[in-house]
Amino acid sequence: AQKVTQAQTEISVVEKEDVTLDCVYETRDTTYYLFWYKQPPSGELVFLIRRNSFDEQNEISGRYSWNFQKSTSSFNFTITASQVVDSAVYFCALSEANQAGTALIFGKGTTLSVSS
Amino acid sequence: DAGITQSPRHKVTETGTPVTLRCHQTENHRYMYWYRQDPGHGLRLIHYSYGVKDTDKGEVSDGYSVSRSKTEDFLLTLESATSSQTSVYFCAIREGRSSTDTQYFGPGTRLTVL
């Protein structure tokens, strides 16, 4: 069965620190996609990245980077030089190609608090 | 901006009353979803729709029904609200034709059942 685990419930860092949010997934499908969403204190869900199972190349977007490793079934998210505005709940999610309707399977989220 | 609105944004109701939440999209997406978000659970799928009058159940569908009579509107109904249905409800659309395309979410509806 498909599952997404975000073992870190809460992380607190001081501004300018680097922080990595862990995501481990389980799936039997060979074709799947992984996502990260951000939920700031205002409550909306903001899409950050989508990565397919055949592309293990790391991605960097500004201060954000993602490390996808199929060997360990992980899709970790690193924020470099964190800022207060990064404070949010971050969700990792999985979507399988063979699943009808294809709901996103979400992890329980990691709450990141960045203090100044 | 995926053009998704939800109404109402906040609602307080009493146990046993019917409640309908509305999701409206402006970009003609075929797939629409209703999720609920609860502390310690992340987001879980309630129902989804793959076209007008085409719907199916998700992981936590008990106590909920949905309807989609127009492409742009997806309604979620709690026939008789219970306190366990106090939650934040998110509507989502799926962009594109592939089952793994990105889902974009509406702003959410906070429902409190007293």
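All values reported here derive from a predicted model rather than from experimental measurement.

**Let's talk about the state of the cysteines**
All names here are of chain B.
- Counted according to the given criterion, the structure contains two disulfides over all chains.
- Sulfur-sulfur distance for the disulfide between Cys23 and Cys91 comes to 1.8 Å. On the S-S bond that ties Cys23 to Cys91, the torsion sits near -70°, and the link is left-handed. One end of the pair, Cys23, is in strand β3 (residues 19–25); the other, Cys91, is in strand β9 (residues 87–94), with 68 residues separating them in the sequence. As far as burial versus exposure is concerned, Cys23 and Cys91 are alike and both buried.

**A closer look at unusual backbone geometry**
- Of the consecutive residues Ser7 of chain B and Pro8 of chain B, the connecting peptide bond is found in the cis state with omega at -10°.
- Here Pro8 of chain B is to be found in the loop between β1 (4–7) and β2 (10–13).
- Not every positive phi belongs to a glycine, and Lys16 of chain A is a case in point at roughly 85°.
- By the element assignment, Lys16 of chain A lies in the loop between β2 (10–14) and β3 (19–21).
- Among the residues examined, Lys16 of chain A registers a relative accessible area of 71% and is labelled exposed.
- Even without glycine at this site, Ala81 of chain A takes up a positive phi of about 50°.
- Of note, Ala81 of chain A is situated in the loop between β9 (74–79) and β10 (88–96).

**Regarding the pairing of strand β7 (residues 64–70) of chain B**
All names here are of chain B.
- Pairing analysis gives five bridges linking β7 to strand β8 (residues 73–78), with the strands arranged antiparallel. Paired with Lys70 across the two strands is Asp73, which belongs to β8.
- Here β7 folds back onto β8, and the loop between the two strands holds two residues.

**Looking at the interface of chain A and chain B**
- Taken together, the contacts link 20 residues of chain A with 19 residues of chain B.
- In this structure, the connection of chain A to chain B is made through one salt bridge.
- The partner of Asp101 of chain B in a salt bridge is Arg50 of chain A, and the shortest N-O contact between them spans 3.5 Å.
- Counting across the interface, chain A meets chain B through four residue pairs in polar contact (both at pLDDT 80 or more).
- A total of four residues in the side of chain A that touches chain B trace back to one element, the largest contributor, which is strand β5 (residues 32–39) of chain A.
- The residue makeup of the side of chain A that touches chain B, split by class, is eleven nonpolar, six polar and three charged.

About the thresholds
- Per chain, residues are indexed from 1 in the order of the written sequence.
- Labels are handed out in written order, letters beginning with A for the chains and numbers beginning with 1 for the ligands.
- Per-residue local features are limited, in this predicted model, to residues with pLDDT of at least 70; the limit for side-chain atom pairs, both in listing and counting, is 80 or more; totals at the level of whole chains, interfaces and linings are taken over all residues.
- Only hydrogens and water are removed before side-chain values are computed, so all heavy atoms of the structure are retained for them.
- Here, the term disulfide refers to a pair of cysteine sulfur atoms separated by no more than 2.5 Å.
- Helix and strand definitions follow DSSP, with helices as H or I runs of at least four residues and strands as E runs of at least two, each counted in order from the N terminus.
- Per-residue accessibility, obtained with a 1.4 Å probe over protein chains only, is compared with the maximum for each type, and a residue is labelled buried under 20%, exposed over 50%, and partly exposed between these values.
- Two strands are counted as paired when DSSP detects at least two bridges linking them.
- Contact between two residues is taken to exist if any of their heavy atoms lie within 4.5 Å; hydrogens are not considered.
- Salt bridges are defined as contacts in which a side-chain nitrogen from Lys or Arg sits within 4 Å of a carboxyl oxygen from Asp or Glu.
- A 3.5 Å cut-off defines polar contacts: any pair of N or O atoms within that distance qualifies, except that in protein one atom must be a possible hydrogen donor and the other a possible acceptor, and neighbouring residues in sequence count only when both atoms are side-chain atoms.
- Gly counts as polar in this scheme, as do all residues outside two lists: the nonpolar Ala, Val, Leu, Ile, Met, Phe, Trp, Tyr, Cys and Pro, and the charged Asp, Glu, Lys and Arg.

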